[in-house]
Amino acid sequence: SKQWYQRRVRAPSSSSSSSHNPGSFEQLPQKTKEVFPSPFEGCKFAWNKMITERFQASHSILMSSFKPPAYKFGATYVGSKKLGPNEHYPVLISEYGGGVVQVQAIHSFTKEVQAKAVVHATDKTWSMYQGDIGYKGNDFSIQLTGVNASIINPQGIWVAHYLQSVTNKLALGGELLFQHGMGAKNAALTLGGRFRDGDSEFMVKTGEQSTNFGYYVKGNDQVECAVEFEYVKQMGESITTFGYAVDLPKGLSKFRGSIDTDWSVAGVLEKRFEAFPFAFTLSGLLNHKKKQAKFGIGFTIG
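Being a predicted model, the structure only gives us computed values, none of them experimental.

Chemist: Run through the overall build of the protein, naming residues and quoting values.
Modeler: When helices and strands are counted, the protein shows three helices and 19 strands. Expressed along its principal axes, the backbone C-alpha trace of the protein runs to roughly 50 × 45 × 40 Å. The proportion of buried residues among the 302 residues of the protein is 32%. Residue pairs in contact within the protein that sit at least 24 positions apart in sequence constitute 32% of those at least 6 positions apart. In the protein, the 33 positive side-chain charges and the 25 negative ones have mean positions that sit 4 Å from each other.

This is the structure:
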């Protein structure tokens, strides 16, 4: 359902409203992250069915040797309000599996103002709820997020993001996080920026608890590469990851691979078939240091 959703509605990019809009602060590492594979273990089967032009249902099941089979049912609805070639609102996404219900609603009131709500609930309690409201100006973006937050009884997590285009290539901004609960109050400030030059970009996010660097480059229409460095103060560990993605349009295939300083090697190969709405996925992860190996196979219809 995710791929169908991305075809019908995309998060407004910097070019959707203005060539100088930098996007959101939380999306700074997005280009780098998209290159890296997302390996899984076991056998995964998914079936996506278009009910109407705007409504889709999906079924998925994951089977592995270390836990019972997990079934999930999902439904996605895309509204009729059109703000761009690939932007339709409102969007409602729901998923149920393992006794947990996840619901996400996205709506753009105008091209500048967008809101999002996310709710996770178990059979008896609300486990998580989150609300976002964002505004996109000609050369800046601002967003406010609340997680399990309450204004009446101060609690939960509040996060404010701001990103400003300084030049056509350089964007700078920051994130302020405030947490109130369990008799304690904590605040954390993170600063970051992105420099984009043609088909390459460099980003950095640094704060008291962590530091993250990322570099992305597009070699040509088929090859993308990325390098990421991440340091987490609480764990006292740092890790550097190199990844690449190769797109073979004639073979309707895409391969993503990565290797990091923790001696983990991962790869995911996705193969689509032109004559049938079918995709075949192979996944593998091998950690030489921990002597661990994980392999997966997936089938997607629709």
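And the narrative resumes.
Chemist: Any details on the packing of aromatic side chains? Residues and values, ideally.
Modeler: Within a pair of aromatic rings, the relevant descriptors are the distance that separates the centres and the angle that separates the planes. This structure, assessed with the given rule, holds nine aromatic pairs. Residues phenylalanine 280 and phenylalanine 299 carry aromatic rings whose centres are separated by 5.5 Å and whose planes lie at 50° to one another, so their mutual orientation is tilted. Linking phenylalanine 280 in strand 18 (residues 278–287) with phenylalanine 299 in strand 19 (residues 292–301), this pair joins segments that are 19 residues apart in sequence. By relative accessible area, which is 23% here, phenylalanine 280 ends up partly exposed. Exposure remark for phenylalanine 299: the relative accessible area of 26% places this residue in the partly exposed category. Three or more aromatic residues link up through ring pairs in this structure, and these residues are Phe273, Phe278, Phe280 and Phe299. A cation sits over an aromatic face here: lysine 44 above phenylalanine 40, 4.1 Å from the ring centre.

Chemist: Got a sec to walk through a nonpolar patch on the surface? Specific residues and values, please.
Modeler: Together, Phe195, Phe202, Phe213, Tyr215, Val227, Phe242, Tyr244, Ile259, Val265 and Leu286 make up an exposed nonpolar region whose accessible area comes to about 820 Å². Elements supplying a minimum of two residues to the nonpolar patch: strand 13 (210–218) and strand 15 (237–248). Secondary-structure assignment places leucine 286 in strand 18.

Chemist: Tell me about the pairing of strand 4 (residues 87–97), and name the residues and values.
Modeler: When strand 3 (residues 70–84) meets strand 4, the two strands line up antiparallel, connected through nine bridges. Its bridge partner lying in strand 4, lysine 82 is registered against histidine 88. The loop that links strand 3 with its antiparallel partner strand 4 comprises two residues. The pairing of strand 4 with strand 5 (residues 100–108) spans seven bridges and is antiparallel. Residue pairing in the sheet places glutamate 95 in a bridge with glutamine 102 of strand 5.

Chemist: Break down the pattern of salt bridges for me, citing the residues and quoting the values.
Modeler: Enumeration over the complete set of coordinates arrives at eight salt bridges. Ionic pairing is found between glutamate 95 and lysine 72, a salt bridge with its closest N-O pair at 3.8 Å. Here the residue glutamate 95 occupies a position in strand 4, and lysine 72 occupies one in strand 3, the gap between them amounting to 23 residues. With a relative accessible area of 29%, glutamate 95 lands in the partly exposed category. With a relative accessible area of 35%, lysine 72 lands in the partly exposed category.

Chemist: Break down the environment of valine 268 for me, citing the residues and quoting the values.
Modeler: Its place among the elements puts valine 268 in strand 17 (residues 264–273). With 228 residues separating them in the primary sequence, valine 268 and phenylalanine 40 have C-alpha atoms 8.9 Å apart. In this structure valine 268 touches Pro37, Ser38, Pro39, Lys254, Phe255, Arg256, Thr281, Leu282 and Ser283, once residues within four positions along its chain are discounted.

Criteria and thresholds
Residues numbered from 1 in each chain as written. Predicted model: local features only at pLDDT ≥ 70, side-chain atom pairs only at ≥ 80, totals over all residues. Heavy atoms only, no water. Helix = DSSP H or I, 4+ residues; strand = E, 2+ residues; numbered from the N terminus. Buried < 20%, exposed > 50% of the residue type's maximum accessible area, 1.4 Å probe, protein only. Contact = heavy atoms within 4.5 Å. Lys, Arg positive; Asp, Glu negative; His and termini not counted. Charge placed at Lys NZ, Arg CZ, Asp CG, Glu CD. Phe/Tyr/Trp six-rings, centres within 6.5 Å; stacked < 30°, edge-to-face > 60°. Lys NZ or Arg CZ within 6 Å of the ring centre and 35° of its normal. Patch = residues over 30% accessible without salt bridge, like charges linked within 9 Å, V, L, I, M, F, W, Y side chains within 5 Å. Areas by Shrake-Rupley, 256 points an atom, 1.4 Å probe, with all protein chains shown as cover. Salt bridge = Lys/Arg side-chain N within 4 Å of Asp/Glu carboxyl O. Pairing = 2+ DSSP bridges.

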